[in-house]
Amino acid sequence: GQPTPVNTRAGFVAIVGKPNVGKSTLLNSLLGVKIAPTSPRPQTTRKGVRGISNQGDTQLIFVDTPGLHRPKDALGKYMNGEVQNALADVDAVVWVVDLRHPPTDEDSMVARSIRDLPRPLTVVGNKLDVSKYPEEALRLYTALLEGRTHETQSVMLSAQNDVNKVAQLRTALAANLPENPFFFPVGAASDQSREQWAAEILREEAMKKLRDELPYAVATRVTSWTERQDGLQRIEAEIVVDRAGHKGMVIGAGGKQLGAIGAATRKQLEVFLNTKVFLGVQVIVIPGWREDQEALRELGYE
Ligand code: GDP
Ligand code: MG
């Protein structure tokens, strides 16, 4: 990948809000292009990372706060320490609300859980495109934060349509982040496909496991990617070695090595895709692929 820039800002941002207000839509707009994560710094592994946005010398890492997705019967426990801890652990909070409607009890709950948090908070009034009284609605939402003494901003936008406003929001969030080295290395080119991205993660995992044996002799590619009705991602991939003798080394005794590579890759993919993944990995031999123009092109090395 590219070298990591110096003098960077990086941090964790939680996107909270009741269901259906547009959190996922906003996250996707903020992310734009998914960038390949490779080896996160240790602190990141315990958080539910939903996506990473690198831009210049800033890295925004969007995380899930599990406590905020509890079903209604857990309302009484809503304010418990778990949620507070999860939120205290992030550098900024984005609260998404639906400007089409006034706040409900669920919004009040979310507001209570974030009101006293000593972190910059941005209220995003979403669905501006279909709201009749956006200013009035936003005022009702921000009123739920009454008594809050920490930094609070608000914006109104359409997560679905307002590319520019979403970009401005991203810039504002990044400006608020602490100075930190990047938690994730900057991945490959930002125009890579999800297939290239997944293949790159597989290659990283293979390299990690095969370190001493055949460092530069493997390439990887994703040969098929389908989504099942229930959301499971079915991915078929290949590890390409350049001589027959290397195949067994990648597979390992009893298939153990390949199994470990596949399992580690699948785990990473599941975290970043936030869904179940079925990953099938085969090892194939393309003799001398490193000297073969056509094979190189096929493997994504232009
Ligand atoms: P989440 O449950 O908070 O993650 O909400 P989603 O992102 O899944 O969005 C819920 C619904 O609202 C989806 O049908 C979206 O298409 C829709 N939605 C999200 N943002 C906007 C918006 O800016 N304008 C409009 N009109 N619809 C939106
Ligand atoms: Mg969602």
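Given the structure is predicted, the values throughout are model-derived calculations rather than measurements.

Undergrad: Can you explain the nonpolar core? Please cite residues and give values.
TA: Val 16, Ile 61, Leu 87, Val 93, Trp 95, Ile 114 and Leu 145 are the most contacted members of the largest nonpolar core, which has 27 residues in total. Elements that contribute at least two residues to this core include exactly strand S1 (9–16), strand S3 (58–64), helix H2 (81–88), strand S4 (92–98), helix H3 (105–115), strand S5 (121–126) and helix H4 (134–143). With four residues, the top contributor of residues to this core is S1. Ignoring sequence-local partners within four residues, the contact set of Val 93 consists of Ala 14, Val 16, Leu 87, Ile 114, Leu 117, Pro 120, Leu 121 and Thr 122. Counting 22 residues, the second-largest nonpolar core is a separate cluster that includes Ile 201, Leu 202, Leu 258 and Leu 279.

Undergrad: Mind laying out the pattern of salt bridges, listing which residues take part and the relevant values?
TA: Applying the stated rule across the entire model yields nine salt bridges. Notably, a salt bridge pairs Lys 18 with Asp 107, separated by 2.8 Å at the nearest N-O pair. Placement of the pair is Lys 18 in the loop between S1 and helix H1 (23–31) and Asp 107 in helix H3, with a sequence separation of 89 residues. With a relative accessible area of 0%, Asp 107 lands in the buried category. The shortest N-O distance in the salt bridge between Glu 236 and Arg 234 comes to 3.6 Å. Residue Arg 234 is classed as partly exposed on the basis of its relative accessible area of 38%.

Undergrad: Any chance you could break down the site of ligand 1 for me, citing the residues and the numbers?
TA: Residues in contact with ligand 1 amount to 15 residues; listed here are only the nearest, Asn 20, Lys 23, Thr 25, Ser 158 and Gln 160. Note that an oxygen atom of ligand 1 is positioned 2.8 Å from one of the backbone N or O atoms of Lys 23. A distance of 3.0 Å separates an oxygen atom of ligand 1 from a polar atom in the backbone of Ala 159. For ligand 1, whose accessible area on its own is 570 Å², the fraction buried by protein is 72%. Counting residues per element, the shell around ligand 1 draws most heavily on H1, at three residues. Taken together, the residues that form the shell around ligand 1 break down as four nonpolar, seven polar and four charged.

Thresholds, definitions, all that
Residues numbered from 1 in each chain as written. Chains lettered and ligands numbered in written order. Predicted model: local features only at pLDDT ≥ 70, side-chain atom pairs only at ≥ 80, totals over all residues. Heavy atoms only, no water. Core = buried A, V, L, I, M, F, W, Y, C linked by side-chain atoms within 4.5 Å. Buried < 20%, exposed > 50% of the residue type's maximum accessible area, 1.4 Å probe, protein only. Helix = DSSP H or I, 4+ residues; strand = E, 2+ residues; numbered from the N terminus. Contact = heavy atoms within 4.5 Å. Salt bridge = Lys/Arg side-chain N within 4 Å of Asp/Glu carboxyl O. Near = heavy atom within 4 Å. Polar contact = N/O pair within 3.5 Å; in protein donor to acceptor, adjacent residues only side chain to side chain. Areas by Shrake-Rupley, 256 points an atom, 1.4 Å probe, with all protein chains shown as cover. Nonpolar A, V, L, I, M, F, W, Y, C, P; charged D, E, K, R; others polar.

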